[in-house]
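Working through the structure, step by step
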Amino acid sequence: MYVKIPTLRPHYSTGILCLSTLLAKKLCGRIQTVIMLWKVLVVAIFMAFVYSAPLPFPESPRSYSKEPGMPFDFAYSVKDDYTGNVFGHAAHSDGIVTSGSYRVLLPDGRTQVVTFSADPHNGYQAEVTYEGEAIYSVPKLSIYL
């Protein structure tokens, strides 16, 4: 047995429907304009607050003086017979000028020697030299390639 359920349909005339559609289109355009103006207003207010806020870290009224450097002397060297690694560092400072050198064994077998000097007027000056000759070995082929 088939039972028909009645549906309720609103009865609008065509003229009212056309008028409501036209009004909705006009209002929609105005609403979008109003929304855009509100967005611009909110951004303008936000920018006003950002630029009028004080800086988070104001400059300190204290003045700091540069303290003189401390004189020092130090040196160390390492020679590891098991790995063949050899390196060292030595430095000297009178409180103004610091000078010294360090040496490192490079993977190609050469030793890199850096002799340096640093002072307030010339900055860091380094001279790099190499001792020995580079030895490049051919890598062994692996059976897992």
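Structure shown above.
Right, let's walk through the structure included here. Residues take numbers from 1 onward in each chain, read along the sequence in its written order. It should be noted that, the model being predicted, local features are given only for residues of pLDDT at least 70 and side-chain atom pairs only at 80 or more, the latter also being counted only at that level, while totals for whole chains, interfaces and linings use all residues. The side-chain numbers reported here are obtained from all heavy atoms of the structure, hydrogens and water having been left aside.

1. Re the pattern of salt bridges
- Think of a salt bridge as a Lys or Arg side-chain nitrogen and an Asp or Glu carboxyl oxygen that are within 4 Å of each other. Applying the stated criterion across every chain yields a total of two salt bridges.
- In this structure, E131 and R103 form a salt bridge, with 2.7 Å as the shortest nitrogen-oxygen distance. Of this pair, E131 sits in strand β5 (residues 123-131) while R103 sits in strand β3 (residues 98-105), and the two are 28 residues apart along the sequence.
- Given the relative accessible area of 39%, E131 is considered partly exposed.
- Only protein chains enter the area calculation, which uses a 1.4 Å probe; residues under 20% of their type maximum are buried, those over 50% are exposed, and those in between are partly exposed. When its relative accessible area of 35% is taken as the criterion, R103 is described as partly exposed.
- Measuring nitrogen to oxygen at the nearest pair gives 2.9 Å for the salt bridge that ties D108 to R110.
- Given the relative accessible area of 23%, R110 is considered partly exposed. Here a strand is any run of E in DSSP of at least two residues, a helix any run of H or I of at least four, and the numbering for each starts at the N terminus.

2. With respect to the side chain of D119
- You can see D119 is positioned in strand β4 (residues 111-119).
- Any pair of nitrogen or oxygen atoms within 3.5 Å is treated as a polar contact; in protein, a donor-acceptor pairing is required on top of that, and neighbouring residues in sequence qualify only through side-chain atoms on both sides. In terms of polar contacts, D119 uses its side chain to reach the backbone amide nitrogen of H121, at 3.0 Å.
- Residue contacts for D119: discarding those within four places in its chain leaves I96 and V97. Throughout, a residue-residue contact means that at least one pair of heavy atoms, one from each residue, lies within 4.5 Å.

3. Quick look at the packing of aromatic side chains
- Stacked, edge-to-face and tilted are the three classes for Phe, Tyr and Trp ring pairs, Trp counted by its six-membered ring, which pair at centre distances within 6.5 Å; planes under 30 degrees apart are stacked, over 60 edge-to-face, the rest tilted. Taken as a whole and assessed by the stated rule, the structure comprises three aromatic pairs.
- Taking 6.3 Å as the distance between ring centres and 45° as the angle between the ring planes, the aromatic pair formed by Y102 and F116 counts as tilted. On the criterion of sequence distance, the pair formed by Y102 in strand β3 and F116 in strand β4 is long-range, its members being 14 residues apart.
- On the basis of relative accessibility, which here comes to 30%, the residue Y102 falls in the partly exposed class.
- Ring geometry for F116 and Y124: centres 5.8 Å apart, planes at 25°, overall stacked.
- The class of F116 is buried, set by a relative accessible area of 10%.
- Taken together, the ring pairs connect Y102, F116 and Y124 into an aromatic cluster.

4. Considerations on the pairing of β3
- Across seven bridges, strand β2 (residues 85-93) lies against β3 in antiparallel orientation. Residue pairing for β3: H89 is matched across the bridge by Y102.
- Linking β2 back to β3 in an antiparallel pair, the connection comprises four residues, with G95 at a positive phi of about 100°.
- Of the pairings in the sheet, the one linking β3 to β4 comprises eight bridges and is antiparallel in character. Its bridge partner lying in β4, S101 is registered against T115.
- Between β3 and β4, which pair antiparallel and follow one another directly, the connecting turn spans five residues, one of which, G109, has a positive phi of 100°. In this description, strands pair whenever DSSP reports at least two bridges between them.

5. Some thoughts on the sheet that holds β4
- Spatial strand order, β1-β2-β3-β4-β5: five strands in an open sheet with antiparallel pairing. A single partner strand is all that each edge strand has here, and the edge strands are β1 (72-80) and β5. Across the sheet, the mean angle separating the axes of adjacent strands is 10° when strand polarity is ignored.
- Both β4 and β5 contribute to a ladder of nine bridges, which runs antiparallel. Opposite A118, over in β5, you have Y124 as the bridge partner. Orientation is described by axes fitted as lines to C-alpha atoms, over the contacting stretch for helices, and by angles from 0 to 180 degrees between their N-to-C directions.

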